[in-house]
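Here is how the chains run, residue by residue.
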Amino acid sequence: LLCCWRACEIMDLPPASVVAVTMPGFGTTDRTYFNALQLIELLGCTSRDIPIAGAVSSHFEDIGHDPSRRDTTYENAQARERMQVLFDLANDLGAIVVGTGDLSEAALGFSTFGGDHLAGYNVNICLNKTTIRALVERLAETDRFSAAAETLRDVLDTPVSPELLPPGEDGATLQKSEEILGPYALHDFFLYYTLRGQFSAQKLLAYATAAFCRDYTPGVIEEKL
């Protein structure tokens, strides 16, 4: 959203040219949903809210899937429904779908085939999550985004999650990517030295153990590697 907003600024187009779509589903928390709506409003973009729970439930009936089975079918059906909505809406508006996927997700394969890894243009695909976090934090400190600074910082403080499983009784997400995969800072370290230095696994483990010795045990680092 920030990239699209900046692109409009460069091209001297109004920020309302950006159609930002929220698609709440079974796992959407109030925190992420209202942060999204607030950010869209603060940036002056056009907001479209298209809930997907009804469409996905109908799809479950079509394929005979029991929605009480919270498996990959339950999760991926939501991701694919969202991408269908986005591409069909883009056709209707004569627009392109700007993807949210990043390098960390692509490298780990932590995305849905035919879902969130698709886009008309994947603007973040060359940036890892650690870099994106640093970038958003820096933008929140600038005068240009002063009105949205509080919202941006709350986004940064929110655990990374696909939010495809229902939240807990307190309304918070139970599905946290870093609890599933391991810390993104660690994975992005592996990714950087694999791509830039073409390190062997043995050398990479030695570097990571030295760099993260205060944060993780050697066994955890080796497991995540």
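Here, every reference points to the structure presented above.
Values in this document were obtained by computation on a predicted structure and should not be read as measured data.

Visitor: Go over the state of the cysteines with me, naming the residues and quoting the values.
Guide: According to the stated counting rule, one finds zero disulfides in the structure shown. Take Cys45: it sits in no disulfide, and the sulfur closest to it among the cysteines is that of Cys8, at 7.0 Å. Free of any disulfide, Cys126 has its nearest cysteine sulfur in Cys3, 9.2 Å distant.

Visitor: Which residues make up the pairing of strand β1 (residues 19–22), and what values go with them?
Guide: The alternating pattern of β1 places Ala20 and Thr22 on a buried face and Val19 and Val21 on a face that is not buried. The pairing of β1 with strand β2 (residues 46–49) spans four bridges and is parallel. Directly across from Ala20, in β2, lies its bridge partner Ser47. Once the chain exits β1 it traverses helix α2 (residues 30–43) before rejoining the sheet at β2, and the crossover so formed is right-handed.

Visitor: Pulling in residues and values, what's your account of the packing of aromatic side chains?
Guide: Per the counting criterion, the structure on display carries twelve aromatic pairs. Taken together, a centroid distance of 5.8 Å and an interplanar angle of 20° make the contact between Phe60 and Tyr74 stacked. Note that Phe60 is positioned in helix α3 (residues 53–63) and Tyr74 in helix α4 (residues 72–93), a separation of 14 residues in sequence. Here Tyr192 and Tyr193 contribute two aromatic rings whose centre-to-centre distance is 5.1 Å and whose plane-to-plane angle is 85°, an arrangement assigned as edge-to-face. A relative accessible area of 24% places Tyr193 in the partly exposed class. One aromatic cluster is present, formed by Phe189, Tyr192, Tyr193, Phe199, Tyr207, Phe212 and Tyr216 through successive ring pairs. The ring of Tyr184 carries the charged tip of Lys129 above its face, separated from the ring centre by 5.2 Å.

Visitor: Tell me about unusual backbone geometry, residues and numbers included.
Guide: Not every positive phi belongs to a glycine, and Asp12 is a case in point at roughly 60°. Within the secondary structure, Asp12 is located in the loop between α1 (2–10) and β1. Asp12 sits in the exposed class, given a relative accessible area of 70%.

Visitor: Which residues make up the environment of Ser47, and what values go with them?
Guide: Residue placement: Ser47 occurs in strand β2. In the structure, Ser47 is positioned 98 residues away from Phe145 in sequence and 19 Å away in space, judged by C-alpha atoms. Here Ser47 is in contact with Ala20, Leu37 and Ile40, once residues within four sequence places are set aside.

Visitor: I'd like to hear about the pattern of salt bridges, residue by residue, with values.
Guide: What the rule picks out here adds up to eight salt bridges. A salt bridge links Glu9 to Arg144; the nearest nitrogen and oxygen atoms lie 3.4 Å apart. With a gap of 135 residues between them, Glu9 in helix α1 and Arg144 in the loop between α6 (129–140) and α7 (149–157) connect regions that are remote in the sequence. Where Arg133 meets Glu178, a salt bridge forms, and the shortest distance between an N and an O atom there is 3.4 Å. On the criterion of sequence distance, the pair formed by Arg133 in helix α6 and Glu178 in helix α8 (residues 177–181) is long-range, its members being 45 residues apart.

Visitor: So what's going on with the side chain of Thr29? Which residues, and what values?
Guide: Locating Thr29 in the fold gives a position in the loop between β1 and α2. For Thr29, a relative accessible area of 5% gives the class buried. Apart from residues lying up to four places away in sequence, Thr29 is in contact with Glu163, Pro167, Gly171, Ala172 and Thr173.

Rules used throughout
- Residues numbered from 1 in each chain as written.
- Predicted model: local features only at pLDDT ≥ 70, side-chain atom pairs only at ≥ 80, totals over all residues.
- Heavy atoms only, no water.
- Disulfide = S-S within 2.5 Å.
- Buried < 20%, exposed > 50% of the residue type's maximum accessible area, 1.4 Å probe, protein only.
- Helix = DSSP H or I, 4+ residues; strand = E, 2+ residues; numbered from the N terminus.
- Pairing = 2+ DSSP bridges.
- Right-handed = clockwise from strand over helix to strand, strands pointing away.
- Phe/Tyr/Trp six-rings, centres within 6.5 Å; stacked < 30°, edge-to-face > 60°.
- Lys NZ or Arg CZ within 6 Å of the ring centre and 35° of its normal.
- Contact = heavy atoms within 4.5 Å.
- Salt bridge = Lys/Arg side-chain N within 4 Å of Asp/Glu carboxyl O.

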